[in-house]
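Letter by letter, the chains look like this.
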Amino acid sequence: MRSIKGTKLFSAKEIKEATELLREGKLVAFPTETVYGLGANALDEGAVKAIFTAKGRPSDNPLIIHIGEEEDIEDLISGRVPQLAEKLINKFWPGPLTLILPKAKKVPDITTGGLNTVAVRMPNHPIALKLIKETGLPLAAPSANLSGKPSPTLVEHVIEDLAGRIAGIVDGGQTGLGVESTVIDLSREVPTLLRPGGVTYEELLEELGEIEIDPVVKSKFADESKAAISPGMKYRHYAPQAEVVLIEGKEDKIKDKIKELITANVDKKIGVMVSKELEDSYLGSNVKIMGSKDNLIEISQSIFKLLREFDEEGVEKILIEGLQLEGLGLAIMNRLRKSAAYQIVEV
Ligand code: TXA
Ligand code: MG
């Protein structure tokens with residue numbers, strides 16, 4: 001086992017040592033199928049408080065509780081598991097879907113940011129599941145990045161942000177999906193999508209028949225997102241050091257607009273982030289390929305990593321190609337709009 005700035009780095013075979021730290025109320029980052037999470041005992045106020053401190057996270061931004069078995073949700077919510085929740089659990093768990101329901105008394109206020117609801121998900125990753133089961137505790141786990149930075153999809157990202165601030169990190173290589181779980185609020189009359197993610201709106205609609213989409217999900221404006229109910233939606237998010245501009249519209253118009261912006265910014269160190277389909281359009285520029293528009297998972301996997309790479313290169317301004325809002329595109333565009341701090345050029 002290696003150690004970096006006092007933070008222990010565990011391999012998948014050293015999960016036992018990681019569980020011991022968690023049982024002592026310490027913080028351990030671990031891989032999930034979406035992004036790395038920063039775990040702590042969700043029922044231990046002191047441990048959860050330490051998560052907020054390590055991340056520099058505002059205390060009114062509630063955490064998702066991760067469980068190892070479907071039935072474990074019963075302990076964390078008040079009343080019985082509603083039928084709609086059961087339906088979604090059967091269909092999508094383990095997987096990238098977080099359910100919001102009224103919370104049980106035993107869940108500390110600090111975990112839910114003072115709300116009377118709780119967010120729960122069962123992740124679909126062998127290391128995450130093993131860690132939760134062997135620890136025997138529900139684990140509160142926000143993404144394992146410093147608050148405001150792009151979410152971590154590689155163990156190197158976690159080390160960069162949190163080494164020296166937490167007790168341990170379990171190395172699971174690259175995470176699968178690259179964007180976080182879908183968050184759906186089932187505590188309201190009509191199920192409401194609060195954050196798009198790995199399980200798509202279209203898939204949820206097919207199961208539920210009726211869903212509201214919180215306006216902030218598709219929001220292009222910062223002030224709309226301030227009124228958000230999910231407190232996590234109102235802060236600057238996923239943002240690299242560089243200024244980010246997102247160009248939205250039809251593909252050929254986006255292509256030309258990016259060319260125009262490259263020329264207009266010759267005095268700056270520019271980075272360009274586009275789909276494979278536009279790969280050959282900007283020869284001579286610093287171009288990174290997000291993936292193919294025919295395979296959105298390639299794109300969701302790469303966006304946070306590429307934003308961090310541009311920062312390392314000292315790029316000052318990043319121009320990003322916007323995508324359609326269908327399927328995983330909704331989650332990808334939600335993250336990109338936030339990373340651009342809603343600086344969007346429509347063509
Ligand atoms: O994929 C994921 O969900 C990752 C991995 C690690 O599991 N976790 C993650 O956690 O993205 P975090 O803390 O970065 O995002 C949690 C989101 C925030 O937007 C937060 O506001 C929302 O879930 N949330 C948590 N509890 C809530 C509640 N009771 N009501 C409304 N929104 C809630
Ligand atoms: Mg996060």
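Quick caveat: nothing in here was measured; it's all calculated off a predicted structure. (Residues numbered from 1 in each chain as written. Chains lettered and ligands numbered in written order. Predicted model: local features only at pLDDT ≥ 70, side-chain atom pairs only at ≥ 80, totals over all residues. Heavy atoms only, no water.)

A. Spotlight on the sheet that holds strand 10 (residues 182-185). Taking strand neighbours across the sheet as the criterion, the twelve strands line up as 1-2-9-3-4-8-5-7-6-10-11-12 in an open arrangement whose pairing is mixed. At either end of the open sheet lies a strand with only one pairing partner, and these are strand 1 (2-4) and strand 12 (212-213). Inspection of the sheet shows strand 4 (residues 37-41) paired to strand 8 (residues 139-140) by two bridges, in the antiparallel sense. By the bridge assignment, A40 is partnered in strand 8 with A140. (Pairing = 2+ DSSP bridges. Helix = DSSP H or I, 4+ residues; strand = E, 2+ residues; numbered from the N terminus.)

B. Region of the structure containing the UniProt feature "domain: YrdC-like" (unreviewed entry) in the protein chain. In the numbering adopted here, UniProt assigns the feature "domain: YrdC-like" (unreviewed entry) to residues 12-199. Secondary structure content for residues 12-199 is 26% helix and 19% strand, and the end C-alpha separation is 26 Å. (UniProt positions renumbered as here; feature names shortened; annotations may be inferred.)

C. Looking closely at the sheet that holds strand 13 (residues 243-248). Within the open sheet, the five strands sit side by side as 15-14-16-13-17. Their pairing is parallel. Looking at the sheet topology across the chains shown, the edges are occupied by strand 15 (287-289) and strand 17 (344-346). On average, each strand axis in the sheet is inclined to that of its neighbour by 20°, with strand direction left out of account. Of the strand pairs in this sheet, strand 14 (residues 270-274) and strand 16 (residues 317-321) are connected by four bridges, and their pairing is parallel. Within strand 16, the position partnered with M273 by the bridge is I320. Sitting on the sheet, helix 10 (residues 329-339) is in contact with strand 13, strand 14, strand 16 and strand 17, with an inclination near 135° to strand 13. (Axes fitted to C-alpha atoms, helices over the stretch in contact; angles between N-to-C directions. Contact = heavy atoms within 4.5 Å.)

D. Looking closely at the domain arrangement of the protein chain. For the protein chain, the assigned domains are domain 1 (2-218) and domain 2 (243-346). Put simply, the middle of domain 1 and the middle of domain 2, counted by C-alpha atoms, are 28 Å apart. Between domain 1 and domain 2 lies a buried interface of about 1900 Å² when both sides are counted; carbon and sulfur atoms form 55% of it. Across the domain 1-domain 2 interface, the total number found is three salt bridges. (Domains from an automatic or database assignment. Buried area = accessible area lost by both parts, 1.4 Å probe. Salt bridge = Lys/Arg side-chain N within 4 Å of Asp/Glu carboxyl O.)

E. Seen up close, the packing of helix 3 (residues 83-92) against helix 6 (residues 201-208). Between helix 3 and helix 6, the least distance of the axes is 10 Å, while the angle of their chain directions is 130°. Judged by the angle between their axes, helix 3 and helix 6 are oblique. Two packed elements cross with a definite hand, and for helix 3 against helix 6 that hand is right-handed. In this structure, helix 3 uses L84, K87, L88, K91 and F92 to contact helix 6, whose residues at the interface are E203, L204, E207 and L208. Among the residues making up the contact of helix 3 with helix 6, the classes are represented as five nonpolar, no polar and four charged. (Parallel < 35°, antiparallel > 145°, perpendicular 65-115°, else oblique. Left-handed = near helix turned anticlockwise from the far one by under 90°. Nonpolar A, V, L, I, M, F, W, Y, C, P; charged D, E, K, R; others polar.)

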